[in-house]
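Descriptive analysis of the structure
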Amino acid sequence: MLSGKTVLVGITGGIAAYKICELIRMYKRANAQVLVVCTPNALNFVTKLTLQNLSKNNVAVDEFEVKDFNPEHISYADRADIMVIAPATANTISKIASGVCDNLLTSIACAFTKPIIIAPAMNCNMWENPVIQENLNKLHCEILEPESGYLACGYEGKGRLCSLDKIFDKTVEILKYKPLNGKKIVITSGGTIEDIDPVRYISNYSSGKMGLALADTAKNFGADVTLITTKDVSRTYNVIKVKSALDMKSTVEKEFDNADCIIMAAAVADYRVKEISSRKMKKTEDDEITLTLVKNPDILKDLCGRKKNSKPLIIGFCAESENLIENAKEKISKKGCDYLIANDISRTDIGFGSDYNEVTILDKNGGMKKLERADKKTIARKIFEEIYG
Ligand code: CTP
């Protein structure tokens with residue numbers, strides 16, 4: 001199954017490290033070349049000799065044990081098709097999220113531009129610590145969440161390494177399944193920011209998470225990705241930061257001719273302030289002030305109007321707080337896009353700001369497909385599978 005592929009297994013210092021011996025055997029049985037890198041603490045749980053025997057390769061631990069001309073972290077990052085960090089401790093997750101490169105494993109992760117799978121395992125209270133959750137959210141990796149059960153520390157809760165089958169299947173899925181190979185995908189995300197004066201603006205609650213999940217997934221599926229976003233995002237693919245709707249429009253338009261697919265996941269402000277004050281507006285004696293707003297261009301509609309033949313495929317999003325499907329049907333025909341992904345923003349358990357979503361995909365021919373509530377990465381994967389699968 002994995003012939004010709006190189007899997008770099010990264011092991012950190014947690015009790016579940018012993019299970020990774022079996023994972024290495026699974027990769028070997030599938031004909032993968034396996035490279036192993038351990039943090040120094042991992043070797044308290046599993047020996048170098050065992051890992052060397054199973055992987056049939058040297059096991060790397062020390063950054064400064066130079067064997068050839070190439071800097072080791074870069075050479076490993078170049079040689080592997082995927083990096084699988086399992087078990088990933090809270091410590092290593094936090095270091096990778098912060099760009100700390102204090103050992104060979106974290107240095108490789110920092111230099112790694114191909115897909116990374118992270119399978120955390122830790123005490124349940126550590127897993128639930130908001131700092132760890134925040135750090136996990138920063139990572140542009142495939143996170144395989146721990147399972148619940150009896151933990152080695154004596155607690156019961158969420159923290160056990162997920163099953164080895166799950167890690168193995170995800171590795172195969174990422175390495176084999178490349179439905180977007182060779183495609184140039186442009187995605188917008190985040191809420192646009194419309195200035196009022198140098199210190200104030202009009203915006204919306206869009207977190208940019210859905211667009212980011214789509215961009216990360218497209219990258220994993222082999223696409224050449226450009227993310228145009230109003231948020232601070234750091235990724236190995238092309239990210240262009242924009243602010244206002246007008247900025248976003250001119251930036252997307254520059255990408256139009258080369259794009260195979262454009263996904264407008266951004267929440268674009270429908271109106272902007274007519275005259276942006278160059279100085280901070282002062283309070284007046286009046287109890288009311290009036291801001292005049294002018295309509296922003298409808299980027300999605302304009303892009304659809306520019307389309308010649310069938311390229312690019314254009315996908316819109318539709319945020320509704322009532323009559324979701326009815327409004328979505330009207331919107332897809334008004335805008336002229338190929339697909340419209342409709343989500344209900346009145347629900348607090350999905351959509352704006354949440355890590356979860358539940359959407360209905362509408363196509364221009366009247367077809368409809370509902371994707372049940374799931375985390376935004378899963379929703380992103382299913383959207384691409386529906387459209388390109
Ligand atoms: N959109 C856009 N330009 C705008 C407004 C919206 O390109 N000025 C895009 C969004 O990125 C999204 C789709 O149009 O893909 C639908 O956005 P939505 O906010 O749901 O609809 P609107 O067209 O703004 O209509 P309304 O606010 O009346 O629901």
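Since the model is a prediction, treat every value here as computed from it, not as a measurement. (Residues numbered from 1 in each chain as written. Predicted model: local features only at pLDDT ≥ 70, side-chain atom pairs only at ≥ 80, totals over all residues. Heavy atoms only, no water.)

For helix H1 (residues 20-29), the set of buried residues is Ile20, Cys21, Leu23, Ile24, Met26 and Tyr27. Where the residues of H1 are buried, they touch strand E1 (6-11), strand E2 (33-38), helix H2 (48-55), strand E4 (82-88) and helix H8 (164-176). Phi turns positive one or two residues past the end of H1, at Asn31, with a value near 70 degrees. (Buried < 20%, exposed > 50% of the residue type's maximum accessible area, 1.4 Å probe, protein only. Helix = DSSP H or I, 4+ residues; strand = E, 2+ residues; numbered from the N terminus. Contact = heavy atoms within 4.5 Å.)

Let us look at the site of the ligand. Near the ligand, the surroundings consist of 15 residues, among which Met264, Ala266, Leu300, Lys331 and Lys335 are the closest. At a separation of 2.8 Å, an oxygen atom of the ligand approaches a polar backbone atom of Phe317. At 2.5 Å, a side-chain N or O of Lys335 approaches an oxygen atom of the ligand. Relative to its free-state accessible area of 570 Å², the ligand is covered by the protein chains to the extent of 78%. Using a 2 Å cut-off from the grid points, one finds that the ligand occupies the second largest pocket. (Near = heavy atom within 4 Å. Polar contact = N/O pair within 3.5 Å; in protein donor to acceptor, adjacent residues only side chain to side chain. Areas by Shrake-Rupley, 256 points an atom, 1.4 Å probe, with all protein chains shown as cover. 1 Å grid on protein atoms, 1.4 Å probe; cavity = no way out; pocket = protein on both sides within 12 Å on 5 of 7 lines; lining within 4 Å. Sits in = over half its atoms within 2 Å of the grid points.)

What follows covers the nonpolar core. Membership of the largest hydrophobic core comes to 37 residues, with the highest contact counts inside it found for Ile11, Ile20, Leu23, Tyr27, Leu51, Leu161 and Ile167. Of all the secondary-structure elements, those providing two or more residues to this core are E1, H1, E2, E4, strand E5 (116-120) and H8. If sequence neighbours within four positions are ignored, Leu23 has contacts with Val84, Leu164, Ile167 and Phe168. In terms of nonpolar packing, the next biggest core, distinct from the first, is built from 31 residues, Phe317, Ile341, Ile361 and Ile379 among them. (Core = buried A, V, L, I, M, F, W, Y, C linked by side-chain atoms within 4.5 Å.)

What follows covers the packing of helix H4 (residues 90-97) against helix H5 (residues 104-111). Between H4 and H5, the least distance of the axes is 10 Å, while the angle of their chain directions is 40 degrees. Here H4 lies oblique to H5, going by the angle between them. By crossing handedness, the relation of H4 to H5 is classed as right-handed. Between H4, through Thr92, Lys95 and Ile96, and H5, the contact on the second element is made entirely by Leu105, Thr106 and Ala109. Its residues placed into classes, the contact of H4 with H5 shows three nonpolar, two polar and one charged. (Axes fitted to C-alpha atoms, helices over the stretch in contact; angles between N-to-C directions. Parallel < 35°, antiparallel > 145°, perpendicular 65-115°, else oblique. Left-handed = near helix turned anticlockwise from the far one by under 90°. Nonpolar A, V, L, I, M, F, W, Y, C, P; charged D, E, K, R; others polar.)

Next up on the list: the sheet that holds strand E12 (residues 224-229). Pairing is mixed in the open sheet, where eight strands are placed in the order E13-E12-E9-E14-E17-E18-E19-E20. Of all strands in the sheet, those bounded by a partner on one side alone are strand E13 (238-241) and strand E20 (368-375). Put simply, the sheet's adjacent strands are angled 15 degrees from each other on average, direction ignored. Sheet topology note: the strand E17 (residues 313-320)/strand E18 (residues 339-344) ladder contains six bridges and is parallel. (Pairing = 2+ DSSP bridges.)

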